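Observations on the three-dimensional arrangement
Next come the chains, spelled out residue by residue.
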Amino acid sequence: LARHLQKEAQSQHNNSEFTEDQKKTIAKIATCLELRSAALQSTQSQDEFKLEDLKKLEPILKNILTYNKEFPFDVQPVPLRKILAPGEEEHLEFEEDDEEGGAGAGSPDSFPARVPGTLLPRLPSEPGMTLLTINIEKIGLKDAGQCIDPYITVSVKDLNGIDLTPVQDTPVALRKEDTYVHFNVDIEIQKHVEKLTKGAAIFFEFKHYKPKKRFTSTKCFAFMEMDEIKPGAIVIELYKKPTDFKRKKLQLLTKKPLYLHLHQTLHKE
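Reading the values: the criteria
Residues numbered from 1 in each chain as written. Predicted model: local features only at pLDDT ≥ 70, side-chain atom pairs only at ≥ 80, totals over all residues. Heavy atoms only, no water. Core = buried A, V, L, I, M, F, W, Y, C linked by side-chain atoms within 4.5 Å. Buried < 20%, exposed > 50% of the residue type's maximum accessible area, 1.4 Å probe, protein only. Helix = DSSP H or I, 4+ residues; strand = E, 2+ residues; numbered from the N terminus. Contact = heavy atoms within 4.5 Å. Phe/Tyr/Trp six-rings, centres within 6.5 Å; stacked < 30°, edge-to-face > 60°. Lys NZ or Arg CZ within 6 Å of the ring centre and 35° of its normal. Pairing = 2+ DSSP bridges. Axes fitted to C-alpha atoms, helices over the stretch in contact; angles between N-to-C directions.

A few words now on the nonpolar core. Grouped together as the largest cluster of nonpolar side chains are 32 residues, with contacts concentrated most on Ile136, Ile202, Phe204, Met224 and Leu260. Those elements that place two or more of their residues in this core are β1 (130-140), β2 (148-157), β5 (180-188), β6 (201-210), β7 (215-225), β8 (232-237) and β10 (259-268). If sequence neighbours within four positions are ignored, methionine 224 has contacts with Leu132, Ile134, Ala201, Ile202, Phe204, Ile229, Ile234, Ile236, Leu262 and Gln264. Listed in part, the 17 residues of the second largest apolar core include Ile29, Leu33, Ile60 and Phe73.

Structure follows, in structure tokens:
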């Protein structure tokens, strides 16, 4: 629903039946829906967007053509960017990334709102079972400084590319310097290591916003196989998009030695 509302809010003036003010209200409702969605995925209860809050939006949506009061929540409209379903962006672009400056439509003033991360907490421990925490330290890219709002989507897939755990997005990167984008964020893998099927792999998709195309795109990906799960630091190679979850046609992103830097911690009862 958030996506449908956002699409309407971003439609051109002449082919929309809504005024610009009504579109702003619709975009704010989309933001609230995303906040509610994030709250449902989170186990922390502070600052969450509650069901009672969501119910306050129903009369606004029903009377959108006549609603002229102040919006009940202090939220920014969802930024003018296309939110894609997982995997959808893979069908949109197969061309090589063009070098893009960071100015223009992608300047921070245009997009004040940040899409929040969807990190999940560590599972409860079970006797004899191992849980894995992966710290994503940094990723090396030749044009690290050009990436706008970069984040990483982490998923655990079986050999057929089917999800074995919920997909998680990191928050936007902490900083960019030289040829590195720094994250320093912990990902709690949502399944005990012993319960992961043979041939499974943990995928890391590096995504960034492309102002010219106005959507978030996958730039490259990396993955870690089960035999690489061991405590300590690990660096893994980067591959060209589209993400190949079945690991059949892998192409290195570049001949340069660029890697994703991770640190693993195993927790066993």
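Here we take up the side chain of threonine 25. Within the secondary structure, threonine 25 is located in helix α2 (residues 20-41). If near-sequence neighbours (up to four positions away) are discounted, threonine 25 is found in contact with Ile60, Ile64, Tyr67 and Phe71.

Now for the packing of aromatic side chains. By the definition in use, this model includes seven aromatic pairs. Each ring, one from phenylalanine 203 and one from phenylalanine 245, has its centre 5.0 Å from the other, and the planes form 80 degrees; the classification is edge-to-face. Taken together, the residues span a long stretch of sequence, with phenylalanine 203 in strand β6 and phenylalanine 245 in the loop between β9 (239-240) and β10 at a distance of 42 residues. The burial state of phenylalanine 203 is the same as that of phenylalanine 245; both residues are buried. Relative to tyrosine 239, the ring of phenylalanine 223 lies with its centre 5.5 Å away and its plane at 20 degrees, an arrangement referred to as stacked. Here tyrosine 239 lies in strand β9 and phenylalanine 223 lies in strand β7, a separation of 16 residues in the sequence. Each member of the pair, phenylalanine 223 as well as tyrosine 239, is classed as buried. Cluster of aromatic residues (ring-pair linked, three or more members): Phe203, Phe221, Phe223, Tyr239 and Phe245. Between lysine 138 and the ring centre of tyrosine 180, over which it is positioned, the NZ or CZ distance is 4.2 Å. The cationic tip of arginine 247 hangs over the ring face of phenylalanine 223; the distance from NZ or CZ to the ring centre is 5.9 Å.

Attention now goes to the sheet that holds β8. Taking strand neighbours across the sheet as the criterion, the five strands line up as β4-β5-β1-β10-β8 in an open arrangement whose pairing is antiparallel. Across the chains shown, the open sheet's two edge strands, defined by having one partner strand only, are β4 (175-177) and β8. The average undirected angle you get between the axes of adjacent strands in this sheet is 25 degrees. Bridge count between β8 and β10: six bridges; the pairing is antiparallel.

Here the focus is the pairing of β7. Counting buried positions over the eleven residues of β7 gives ten, a clear majority of the element. One ladder, built from ten bridges, connects β6 with β7; its direction is antiparallel. Among the inter-strand pairings, phenylalanine 203 is bridged to a residue of β7, identified as phenylalanine 223. Bridge count between β7 and β9: two bridges; the pairing is antiparallel. Bridge pairing in β9 links cysteine 220 to lysine 240.

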